[in-house]
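Architecture at a glance
Chain by chain, the residues run as shown.
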Amino acid sequence: MTITERPERSERADAFAIVRTQSASMPSSMRAIADAVLEDPAAAATTNATDLAGRAGVSPATVSRFAQHLGFANFAALQRSMTRAVERGIHERESTEIHAGVAVDDDVATVIAKVTEDVRAVMADTRAALDPHALDGSARKLANARRVVLYGVGASGIVARDLHLKLERIGIVSSIADDPHNALTLASVIGEHDVLVLVSHSGSTVETLEVAHAARAQHATIIAITGHASAPLATTADHVLLGVAGAESALRPAAMGSRMSQLAIVDTLFIVVAQRTDERSQPLLARSRDAVRTHHRN
């Protein structure tokens, strides 16, 4: 895959969750389409591109770009995903005041309610937005990799390290890069039988993109865990695992919600990898549990 190609999003991913979680970062014209879609999801699932463009006050060409921005090949693919979501009854998300951001004068009980409700909503959107085909393809690559390198900047690095520790437990040779220079070095020495996992909610972190391009030059497989289907990192990757972010406020930045989503993706990915390598993984997991058993007090 060249860096100008983009993995096509599976129709099994829920389009409404993707629209809902990515609309804030869209250009104004596309945000108008997102608003029209979310205002009446059932109608959006059955209308044509021209009618949707009219409702949003944009051109039909903008509707096509909107679908591609979300990772779909065209509007028809987006519409099929919306139709499936409506049929499954997952197009409506509860909307209450509890989703509002945490305020400075909120009491402790309200903070608990808002944060936990946002986590619940993030998990629901992650479930809806995550592409099963992309996850399965990523798991297969990890299960058969000669070596896995992981990298993320800041909070994303914590998520990358979590997956690194999990993969080590089931015998997959894994390295975690601690800084950009280390990451670039590791990316330059891997090859076509290796996998690079990059975690970046924005998908546009300069250091992460430099590492991706270094690995691409060596023909390694790239898996991106990101929150933006149209971000440069998603365009570069072979497999894109799309996360989401929760409600943002001055006291609770989006990175907190995106981390929860990314960790859920990592847990799911690890379990599927363990399934694919069950004969090897089960004994290793048992041995790793036994190795630290004496370090836990009864």
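Not measured: the values here are computed from a predicted model.

**Describing the overall build of the protein**
- When you go through the protein residue by residue, the secondary structure sums to 14 helices and five strands.
- A burial count over the protein gives 49% of its 298 residues as buried.
- In the protein, once contacts between residues fewer than 6 apart in sequence are set aside, the share between residues at least 24 apart is 72%.
- Surface summary for the protein: the accessible area is close to 14,100 Å², and the carbon and sulfur share equals 53%.

**Some points on the packing of helix α2 (residues 28-39) against helix α5 (residues 60-69)**
- Orientation of α2 relative to α5, taken along the N-to-C sense of each, is 80°, at an axis distance of 10 Å. When the axes of α2 and α5 are compared, the pair comes out roughly perpendicular. Only Thr-62, Val-63, Arg-65, Phe-66 and His-69 of α5 make contact with α2, whose side of the interface consists of Ser-29, Met-30, Ile-33, Ala-34 and Val-37.

**Some details on the environment of Leu-142**
- Of note, Leu-142 is situated in helix α8 (residues 132-143).
- By relative accessible area, Leu-142 is classed as buried at 0%.
- Along the backbone, Leu-142 and Val-195 are 53 residues apart, and their C-alpha atoms lie at a distance of 6.7 Å.
- Those residues within four positions of Leu-142 in sequence are excluded, and the remaining contacts are Val-148, Ile-172, Val-195, Val-197, Ile-223, Leu-269 and Val-273.

**Observations regarding the sheet that holds strand β1 (residues 148-152)**
- Within the open sheet, the five strands sit side by side as β2-β1-β3-β4-β5. Their pairing is parallel. Pairing within the sheet leaves two strands with one partner each, and these edge strands are β2 (174-176) and β5 (239-242). Ignoring strand direction, the axes of neighbouring strands in this sheet form an average angle of 15°.
- Bridge count for strand β4 (residues 221-226) against β5 is four bridges, and the pairing is parallel. Residue pairing for β5: Thr-226 is matched across the bridge by Leu-242.
- Docked against the sheet, helix α11 (residues 206-217) engages β1, β3 (195-200) and β4, running at close to 165° with respect to β3.

**A word on the confidence of the model for the protein**
- Averaged over every residue, the pLDDT of the protein is 86; residues scoring 70 or more account for 87%.
- Here helix α1 (residues 15-22) is the element of the protein with the lowest mean pLDDT, 80, and β1 is the one with the highest, 98.
- For the stretch residues 1-7, pLDDT sits under 50, and the model shows 23 contacts to residues farther than four places along the chain or on other chains.
- Segment residues 94-99: pLDDT under 50, and 10 contacts once partners within four positions in sequence are set aside and those in other chains are kept.

**A short note on the nonpolar core**
- Core analysis: the biggest nonpolar cluster contains 33 residues, and Ile-33, Val-37, Phe-66, Leu-70, Leu-78 and Met-82 have the highest contact counts within it.
- Contributing elements (two or more residues each) for this core: α1, α2, α4 (49-56), α5, α6 (75-88) and α7 (108-129).
- Core analysis: the second largest hydrophobic core is formed by 29 residues, Leu-167, Ile-176, Val-272 and Val-273 among them.

**Points about the pairing of β4**
- Within β4, six of the six residues are buried, which leaves it mostly tucked inside the rest of the structure.
- Of the strand pairs in this sheet, β3 and β4 are connected by six bridges, and their pairing is parallel. Among the inter-strand pairings, Leu-196 is bridged to a residue of β4, identified as Ile-222.

What counts, and at which threshold
- The residue numbering used here restarts from 1 in each chain and proceeds along that chain's sequence as written.
- This being a predicted model, a pLDDT of at least 70 is required before a residue's local features are given, and a value of 80 or more before pairs of side-chain atoms are given or counted; all residues contribute to the totals for chains, interfaces and linings.
- Side-chain calculation: all heavy atoms of the structure are included, whereas hydrogens and water are not.
- The secondary structure listing takes helices from DSSP runs of H or I that are at least 4 residues long and strands from runs of E that are at least 2 residues long, numbered from the N terminus.
- Three exposure classes are used, based on accessible area relative to the maximum for each residue type with a 1.4 Å probe and protein chains only: buried under 20%, partly exposed in between, and exposed over 50%.
- Contact criterion: two residues are considered in contact whenever any of their non-hydrogen atoms come within 4.5 Å of each other.
- Where accessible areas are quoted, they stem from the Shrake-Rupley method and a 1.4 Å probe; at the residue level, only the protein chains shown are allowed to cover.
- Orientation is described by axes fitted as lines to C-alpha atoms, over the contacting stretch for helices, and by angles from 0 to 180 degrees between their N-to-C directions.
- Oblique is the label for any angle not under 35 degrees, not over 145, and not in the 65 to 115 range, which are roughly parallel, roughly antiparallel and roughly perpendicular in turn.
- Pairing between strands requires that DSSP locate at least two bridges from one strand to the other.
- Predictor confidence is given residue by residue as pLDDT, running from a minimum of 0 to a maximum of 100.
- We define the nonpolar core as a collection of buried residues of types Ala, Val, Leu, Ile, Met, Phe, Trp, Tyr and Cys that are connected through side-chain atoms lying within 4.5 Å of one another.

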